[in-house]
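Single-letter residue listing:
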Amino acid sequence: MPSSQLNTDVALGVTIPARNARGRIARLGPVLDSILANHNYPAVVERLLSEALVLTALLGTMLKEPDGQVTLQAQTENGIVDLLVCDYLGGELRGYVKHDSGRLAEAGPNPSLFSLFGKGYLAITFDHPSADERYQGIVPLEGASLAEAAQNYFVQSEQLPSVVRLAVNDTGHVAGGILVQHLPEGEEGRDRIHTRLDNPEWEHVRILSETIKGTELTDPRLSLEGALWRLFHEEEVRVAAAVPLAKGCRCNFDYIRGVIARFAPEDRAEMVDEDGFISVDCEFCSRVFPISLTDIEGGSAA
Ligand SMILES: [Zn+2]
């Protein structure tokens, strides 16, 4: 296997204990191609989704619970992009975008975040089903880029001073990102009243983190450890085990048949087409699952 393959589709955690900082760096390659291949999006939308998938990987791999899920949604009322959804569960990523291709074509090759979304919102949801916990934060989708909007999210919604950088290479086949955060007193559960954005220990880490270049995030010849080392080689850094990333979706015939089977027969009668099928779409996979009504009703009667 060429060494570059070990440097993509992976996330790496880092802590800088002396500065009460933690971070994640992630890079997607073949996984990105395989998610984008489900759709046929224009380049601008592919880049946006690529950045969002990397951001989702950064957030997802921070979860401590193996069954924890992160869902990222960017939504507007009247934007060129109506809806962007990505999620992460157990190392698996998926995502899709709903957009107006006519209006997108008029927006030119390099539209701003505002021209894509207008007045939009970024919602990030953390689910931890086994503990029956759910946390959602919502902030206005503001800033020049998705990375800036995410940075605002952490400051506004979680009071965590953060650096977020997201990059997609020129070919669109590799995307990378970094998230670095300051933890007040190094304790996550502590009252954050003393968090100060101008804390000197954080200032130092912030300045170092902001020197990361887009090419360092996306160059598969540079390992993620190597990229971290370039940033923090003067610090005492602890790097966690790499987390492999994959494309994944929970849709399949059995699952969808099970969902349809739980509807009341009269509701199913309203959904069925003239050939006796209920068609269920998976937006993530751009795939339609035709479920045969006789199949379900035969099955439940048996
Ligand atoms: Zn699917």
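Note: the structure precedes this text.
A closer look at the coordination of the zinc ion
Working step 1: Bound to the zinc ion on the protein side are Cys249 (SG), Cys251 (SG), Cys282 (SG) and Cys285 (SG), at distances that span 2.2 to 2.3 Å.
Working step 2: Angles of 105 to 115 degrees at the metal separate the 4 donor atoms of the zinc ion, which places the site in the tetrahedral class.
Working step 3: Binding-site remark: the zinc ion is held by donors from one chain whose sequence spacing is C-x1-C-x30-C-x2-C. Taken together, the positions of Cys251 in the loop between strand 12 (246-247) and helix 9 (253-261) and Cys285 in the loop between strand 13 (277-282) and strand 14 (287-292) put the pair 34 residues apart, joining distant regions of the chain.

Remarks on the sheet that holds strand 12
Hydrogen bonds between backbone groups are what pair the strands of a sheet, and the pairing can be parallel or antiparallel.
Working step 1: The mixed open sheet is built from 6 strands, whose spatial order is 7-6-3-4-5-12. Looking at strand neighbours, the two that pair on one side only are strand 7 (133-140) and strand 12, the edges of this open sheet.
Working step 2: Sheet analysis places strand 5 (residues 92-99) next to strand 12, joined by 2 bridges and oriented parallel. For Leu93, the partnering residue across the bridge sits in strand 12 and is Lys247.
Working step 3: Lying on the sheet, helix 2 (residues 43-60) is in contact with strand 3 (69-76), strand 4 (81-89), strand 5 and strand 6 (120-128); it crosses strand 4 at an angle near 35 degrees.
Working step 4: In the packing of helix 5 (residues 146-158) onto the sheet, contacts are made with strand 6 and strand 7, and the angle to strand 7 comes to roughly 120 degrees.

Looking at the pattern of salt bridges
Working step 1: Counted under the stated rule, the structure contains 13 salt bridges.
Working step 2: Two residues, Arg19 and Glu235, come together in a salt bridge whose shortest N-O distance is 2.8 Å. Here Arg19 is found in the loop between strand 1 (10-16) and strand 2 (21-28), whereas its partner Glu235 is found in the loop between helix 8 (224-232) and strand 10 (238-239), with 216 residues between them in sequence.
Working step 3: Exposure remark for Arg19: the relative accessible area of 23% places this residue in the partly exposed category.
Working step 4: For Glu235, a relative accessible area of 14% corresponds to the buried category.
Working step 5: As a salt-bridge pair, Glu210 and Arg206 come within 2.9 Å of each other at their nearest N and O atoms.
Working step 6: What makes Glu210 partly exposed here is its relative accessible area of 31%.

A few points about unusual backbone geometry
Working step 1: The phi dihedral of Asp132 is positive, around 55 degrees, even though this residue is not glycine.
Working step 2: Mapping Asp132 onto the fold places it in the loop between strand 6 and strand 7.
Working step 3: Even without a glycine there, the phi angle at Ser286 is positive, about 50 degrees.
Working step 4: With respect to the helices and strands, Ser286 occurs in the loop between strand 13 and strand 14.
Working step 5: With a relative accessible area of 47%, Ser286 lands in the partly exposed category.

Digging into the pairing of strand 1
Working step 1: Within strand 1, 6 of the 7 residues are buried, which leaves it mostly tucked inside the rest of the structure.
Working step 2: Here strand 1 pairs with strand 2 via 7 bridges, running antiparallel. Pairing of Thr15 across the sheet is with Arg22, part of strand 2.
Working step 3: Connecting strand 1 to the antiparallel partner strand 2 that follows it, the hairpin turn spans 4 residues, and Asn20 within it adopts a positive phi of roughly 50 degrees.
Working step 4: Pairing between strand 1 and strand 11 (residues 243-244): 2 bridges, direction antiparallel. Opposite Val10, over in strand 11, you have Pro244 as the bridge partner.
Working step 5: Taken together, the 2 bridges between strand 1 and strand 10 define a ladder with antiparallel strand orientation. Along strand 10, the bridge assignment pairs Thr15 with Arg238.

Some words on helix 6 (residues 200-209)
Since the α-helix advances by 3.6 residues per turn, residues separated by three or four positions end up pointing in the same direction.
Working step 1: Inspection of helix 6 places Trp202, Val205, Leu208 and Ser209 among the buried residues, and these make up the whole buried set. With its buried residues spanning 125 degrees around the axis, helix 6 presents them on a single face.
Working step 2: Where the residues of helix 6 are buried, they touch strand 1, strand 2, strand 8 (162-168), strand 9 (175-182) and helix 8.

Overview of the side chain of His182
Working step 1: Residue placement: His182 occurs in strand 9.
Working step 2: For His182, a relative accessible area of 3% corresponds to the buried category.
Working step 3: Looking at His182, its side chain comes within polar contact range of the side chain of Glu201, at 2.8 Å.

Rules of the game
Residues numbered from 1 in each chain as written. Predicted model: local features only at pLDDT ≥ 70, side-chain atom pairs only at ≥ 80, totals over all residues. Heavy atoms only, no water. Donors = N, O, S within 2.8 Å, 3.2 Å for Na, K, Ca; no water. Tetrahedral: all angles 85-135°; square planar, octahedral: opposite > 155°, others 65-115°. Helix = DSSP H or I, 4+ residues; strand = E, 2+ residues; numbered from the N terminus. Pairing = 2+ DSSP bridges. Contact = heavy atoms within 4.5 Å. Axes fitted to C-alpha atoms, helices over the stretch in contact; angles between N-to-C directions. Salt bridge = Lys/Arg side-chain N within 4 Å of Asp/Glu carboxyl O. Buried < 20%, exposed > 50% of the residue type's maximum accessible area, 1.4 Å probe, protein only. Arc of directions from axis to C-beta. Polar contact = N/O pair within 3.5 Å; in protein donor to acceptor, adjacent residues only side chain to side chain.

All we've got here are geometric facts, nothing functional implied.
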